[in-house]
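Fold and geometry: a report
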Amino acid sequence: MSILQYNGSGIVAMTGKDCVAIASDMRYGIQQQTIATNMHKVFKMGPKLFVGLSGLITDMQTLKQKFDFRLKMYALRENRPMKPKVFANLVSTILYEKRFGPFFCEPIIAGLDEKSGPYISAMDLIGAPALAKDFVVTGTASEELYGVCEAFWKPNMGPDELFETISQALLAAVDRDCLAGWGAIVHVITKDGITTKQLKSRKD
């Protein structure tokens, strides 16, 4: 078993028309043993910017603290919030710095830029970015997520349809992965604000 599969997760980000959504499961487990069902794997990094972290949970917490520190330093120096593309470059740099002894974490960035619109990006554990116009996935449920997202996603979805699509895709995928699931959380980012909803799922 890969160290990236030690805790298990399923995270997906999806774009719509002038909106973007990111969702994750809520399980905290150690291999097949479930410890808790209220683990947040998606974190708010700015007014319209989120990062989802899959992989080893200890490295996830370390990276979250590093991102918080660098964002605060940027805000002090620049006097403005970080844009999604800039934050993605920052994440990539932090991961690549440690490429010879990497953080066992694969992040997803989702944000809404006022000028360029929705932005989503996925990375591997050494920070190589994979940009997409439709959706990005990560975690132990990524193979299942690819399948359902390919089937469900379509261009120019509104916020409500995007919420429904990403929710059904995530729930269908994590039900097929024994290391992810036990509830889910969805954040939908629009130009008017952020909507966060928690979903119930199978707990077996």
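Structural data are supplied above this passage.
The paragraphs below set out a description of the structure included in this document.

Parameters at a glance
Starting afresh in each chain, residues are numbered from 1 along the sequence in its written order. The model is predicted, so local features are restricted to residues of pLDDT at least 70 and side-chain atom pairs to those at 80 or more, both for listing and for counting; the totals for chains, interfaces and linings are taken over all residues. Remark: hydrogens and water are excluded; side-chain values derive from all non-hydrogen atoms of the structure. A fitted line through C-alpha atoms serves as each axis, taken over the contacting stretch for helices, and the angle formed by two N-to-C directions is quoted from 0 to 180°. A run of H or I in DSSP becomes a helix once it reaches four residues, and a run of E becomes a strand once it reaches two; helices and strands are each numbered from the N terminus. Small angles under 35 degrees read as roughly parallel and large ones over 145 as roughly antiparallel, with 65 to 115 read as roughly perpendicular and the rest as oblique. Working rule for handedness: look at the near helix, and if it is turned counterclockwise from the far one by less than a right angle, call the crossing left-handed; if clockwise, right-handed. Residue contacts follow a heavy-atom distance rule, with two residues in contact if any of their heavy atoms lie within 4.5 Å. Surface patches are defined over residues having more than 30% relative accessible area and no salt bridge, joining like charges when they lie within 9 Å and nonpolar side chains (Val, Leu, Ile, Met, Phe, Trp, Tyr) when within 5 Å. All accessible-area figures derive from a Shrake-Rupley calculation using a 1.4 Å probe, and residue coverage is judged against the displayed protein chains alone. When a carboxyl oxygen of Asp or Glu lies within 4 Å of a side-chain nitrogen of Lys or Arg, that pair is called a salt bridge. Charged residues are defined here as Lys and Arg on the positive side and Asp and Glu on the negative side; His and the ends of the chain fall outside this count. For charged residues, the charge sits on one atom: NZ in Lys, CZ in Arg, CG in Asp, CD in Glu. Only protein chains enter the accessibility calculation, which uses a 1.4 Å probe. A residue is then buried if its area is under 20% of the maximum for its type, exposed if over 50%, and partly exposed in between. In this description, strands pair whenever DSSP reports at least two bridges between them.

1. Here we look at the packing of helix α1 (residues 57–78) against helix α2 (residues 84–97)
- Relative orientation of the contacting elements α1 and α2 amounts to 130°, with a least axis distance of 11 Å. What the angle tells us is that α1 and α2 run oblique. Judged by the sense of rotation from one axis to the other, the crossing of α1 with α2 is right-handed. Note on element contacts: α2 touches α1 through Val86, Phe87, Leu90, Val91, Ile94 and Leu95, opposite Leu63, Lys66, Phe67, Arg70, Leu71 and Tyr74.

2. Considerations on a positive patch on the surface
- A contiguous patch of positive charge on the surface is contributed by Lys66, Arg70, Arg77 and Lys98.
- If you trace the backbone, arginine 77 turns up in helix α1.

3. Focus on unusual backbone geometry
- For asparagine 156, which is not glycine, the phi torsion reads 60° and is therefore positive.
- With a relative accessible area of 58%, asparagine 156 lands in the exposed category.
- Its identity as a non-glycine residue notwithstanding, tryptophan 182 has a phi of 55°, on the positive side.
- Relative to the elements of secondary structure, tryptophan 182 occurs in the loop between α4 (159–174) and β11 (184–190).
- Given the relative accessible area of 25%, tryptophan 182 is considered partly exposed.

4. Some remarks on the sheet that holds strand β5 (residues 42–46)
- Spatial strand order, β5-β6-β7-β8-β9: five strands in an open sheet with antiparallel pairing. Pairing within the sheet leaves two strands with one partner each, and these edge strands are β5 and β9 (129–131). On average, each strand axis in the sheet is inclined to that of its neighbour by 25°, with strand direction left out of account.
- Bridge analysis of strand β6 (residues 49–55) against strand β7 (residues 105–113) gives seven bridges, and the strand direction is antiparallel. Looking across to β7, one finds that phenylalanine 50 is bridged to alanine 110.
- With respect to the sheet, α1 is in contact with β5, β6 and β7, its orientation differing from that of β5 by roughly 10°.

5. Regarding the sheet that holds strand β1 (residues 10–15)
- The sheet built from five strands is open, its strands ordered β10-β1-β2-β11-β12 with antiparallel pairing. The sheet terminates laterally at β10 (135–139) and β12 (193–199), the two strands that pair on one side only. Averaged over all neighbouring strand pairs, the angle between strand axes comes to 10°, with direction disregarded.
- Strand direction decides the pairing type here: β1 and strand β2 (residues 19–25), joined by five bridges, are antiparallel. Paired with valine 12 across the strands is alanine 23, a residue of β2.
- Along the sheet face, helix α3 (residues 142–152) touches β1 and β10 and points at about 160° away from the line of β10.
- Seen against the sheet, α4 touches β1, β2, β11 and β12 and runs at an angle of roughly 25° to β2.

Purely geometric numbers; function is a separate question.
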